[in-house]
Amino acid sequence: MITSADLRHRHAEVWDAAVRHRFVDELWAGTVDDAVMARYLAQDALFLDAFVALLGAAVSSADEPGARMAVARQLGLVAGDEDDYFTRALARLDAAGPVEPLPPTAGFLTLMESARRSGEYATIMTVLLVAEWLYLDWADRPDPAPTDWLHAEWIELHRGPAFAAWVALLRTEVDRVGADEAVFARAVDLERAFFDAAYG
Ligand SMILES: Cc1ncc(CN)c(N)n1
């Protein structure tokens, strides 16, 4: 059975392009243009809603009580602290109005809905794995966080021991039940395209 490490290795070119994206470098430097941050976060608010639904599907389809509880705890954090960040950040950027999904967002919404509707724990967890592991990868630099909370909190939401333990759980689960490689590859492509789209 293919492992999460194998998958990351096989799709390293696109994965690394996302992790080293200009958006990530500018976020760390605290220099992301407000218009770029607003476009990114308005799109990610659409992503977030489908992501919460997908976490719910993982809670529902988990075949082990320990994994179900771990996913449920993370769902609470995303619907709590992370959603609160979006409310404050979009208000500050004057970007709280409704937006149409750009193509990478639409791609993610389709991928997540399809995984959710399948009810297949392995497929659902594969999408969650890419979305969380790739973010840990770019957020896990030893550098100090930027000074502006708008940039710093987005980094802090995706690093630290608790987030790393969550990603480790996702990897363990995907390695246990078996990944869906086509879904993994599609999600990695979409992550890179999502950062590109922030620049219009
Ligand atoms: C597009 C995208 N991918 C991943 C994450 C991290 N959950 C996110 N917020 N947005």
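- The name an unreviewed UniProt entry assigns to the protein chain is Aminopyrimidine aminohydrolase, from the organism Actinomycetospora termitidis.
- Check the Sequence similarities (unreviewed entry) section of the UniProt entry for the protein chain; it says "Belongs to the TenA family."
- Database annotation for the protein chain, UniProt heading Function (unreviewed entry): "Catalyzes an amino-pyrimidine hydrolysis reaction at the C5' of the pyrimidine moiety of thiamine compounds, a reaction that is part of a thiamine salvage pathway. Thus, catalyzes the conversion of 4-amino-5-aminomethyl-2-methylpyrimidine to 4-amino-5-hydroxymethyl-2-methylpyrimidine (HMP)."

1. Comments concerning the overall build of the protein chain
Thinking step 1. A count of helical and extended segments in the protein chain gives ten helices and zero strands.
Thinking step 2. Going from N to C terminus, the protein chain has its helices and strands arranged as α-α-α-α-α-α-α-α-α-α.
Thinking step 3. In terms of overall size, the protein chain behaves like a compact globule, its C-alpha atoms giving a radius of gyration of 16 Å where 200 residues would be expected to give roughly 16 Å.
Thinking step 4. The buried share of the protein chain, taken over its 200 residues, is 48%.
Thinking step 5. Relative to all contacts within the protein chain whose residues are 6 or more apart in sequence, the contacts with residues 24 or more apart total 83%.
Thinking step 6. For the protein chain, the exposed area adds up to about 9,000 Å²; of that, 53% sits on carbon and sulfur atoms.
Thinking step 7. Taking the average location of the 17 positive side-chain charges in the protein chain and that of its 33 negative ones, the two points are 2 Å from each other.

2. Overview of the layout of surface pockets
Thinking step 1. Taken as a whole, the largest pocket encloses approximately 180 Å³ of empty space.
Thinking step 2. Gln74, Leu77, Val78, Asp81, Glu82, Glu156, Leu157, Arg159, Ala162 and Phe163 are the residues that line the largest pocket.
Thinking step 3. Elements represented by at least two residues in the lining of the largest pocket include exactly helix 5 (65-92) and helix 9 (161-177).
Thinking step 4. Split into classes, the residues belonging to the lining of the largest pocket amount to five nonpolar, one polar and four charged.

3. Re the pattern of salt bridges
Thinking step 1. Scanning all chains against the criterion turns up 13 salt bridges.
Thinking step 2. Put simply, Arg88 and Asp84 hold a salt bridge, and the shortest N to O gap is 3.0 Å. Here Asp84 and Arg88 lie together in helix 5, a separation of four residues that amounts to about one turn.
Thinking step 3. By relative accessible area, which is 31% here, Arg88 ends up partly exposed.
Thinking step 4. Classification of Asp84 as partly exposed rests on a relative accessible area of 39%.
Thinking step 5. For Glu113, the salt bridge is made with Arg117, and the minimal N-O distance between the two is 2.7 Å. Within this pair, Glu113 and its partner Arg117 are both found in helix 6 (residues 103-118), separated by four residues, close to a single helical turn.
Thinking step 6. The class for Glu113 is partly exposed, based on a relative accessible area of 33%.
Thinking step 7. Arg117 sits in the exposed class, given a relative accessible area of 64%.
Thinking step 8. Look at the salt bridges and you will find they share partners, linking Asp63, Glu64, Glu173 and Arg176 into a network.

4. Digging into the site of the ligand
Thinking step 1. Taken together, Asp44, Phe47, Phe51, Phe108, Ala131, Glu132, Tyr135, Trp154, His158, Glu191 and Phe194 are the residues near the ligand.
Thinking step 2. In this structure, Asp44 approaches the ligand through a side-chain N or O atom, which is 2.6 Å from a nitrogen atom.
Thinking step 3. Note that a nitrogen atom of the ligand is positioned 2.8 Å from one of the side-chain N or O atoms of Glu191.
Thinking step 4. For the ligand, whose accessible area on its own is 290 Å², the fraction buried by protein is 99%.
Thinking step 5. Judged by the fraction of its atoms near the pocket grid, the ligand is located in the largest cavity.
Thinking step 6. For the shell around the ligand, a count of residues per class yields seven nonpolar, one polar and three charged.

5. Some thoughts on the packing of aromatic side chains
Thinking step 1. Per the stated rule, a full pass over the model turns up 18 aromatic pairs.
Thinking step 2. Taking the centre distance of 6.0 Å and the plane angle of 80 degrees together, the rings of Tyr85 and Phe86 count as edge-to-face.
Thinking step 3. We classify Phe86 as buried; its relative accessible area is 3%.
Thinking step 4. Taking the centre distance of 5.4 Å and the plane angle of 85 degrees together, the rings of Phe86 and Trp154 count as edge-to-face. Of the two residues, Phe86 sits in helix 5 while Trp154 sits in helix 8 (residues 149-156), which places them 68 residues apart along the sequence. For the pair formed by Phe86 and Trp154, the shared burial category is buried.
Thinking step 5. For Arg88, the ring lying beneath its charged end belongs to Trp149, and the centroid distance is 5.0 Å.

What counts, and where the lines are drawn
Residues numbered from 1 in each chain as written. Predicted model: local features only at pLDDT ≥ 70, side-chain atom pairs only at ≥ 80, totals over all residues. Heavy atoms only, no water. UniProt positions renumbered as here; feature names shortened; annotations may be inferred. Helix = DSSP H or I, 4+ residues; strand = E, 2+ residues; numbered from the N terminus. Rg over C-alpha atoms; globule rule 2.2 N^0.38 Å. Buried < 20%, exposed > 50% of the residue type's maximum accessible area, 1.4 Å probe, protein only. Contact = heavy atoms within 4.5 Å. Areas by Shrake-Rupley, 256 points an atom, 1.4 Å probe, with all protein chains shown as cover. Lys, Arg positive; Asp, Glu negative; His and termini not counted. Charge placed at Lys NZ, Arg CZ, Asp CG, Glu CD. 1 Å grid on protein atoms, 1.4 Å probe; cavity = no way out; pocket = protein on both sides within 12 Å on 5 of 7 lines; lining within 4 Å. Points joined across faces, edges and corners; volume = space filled by probe spheres on them. Nonpolar A, V, L, I, M, F, W, Y, C, P; charged D, E, K, R; others polar. Salt bridge = Lys/Arg side-chain N within 4 Å of Asp/Glu carboxyl O. Near = heavy atom within 4 Å. Polar contact = N/O pair within 3.5 Å; in protein donor to acceptor, adjacent residues only side chain to side chain. Sits in = over half its atoms within 2 Å of the grid points. Phe/Tyr/Trp six-rings, centres within 6.5 Å; stacked < 30°, edge-to-face > 60°. Lys NZ or Arg CZ within 6 Å of the ring centre and 35° of its normal.

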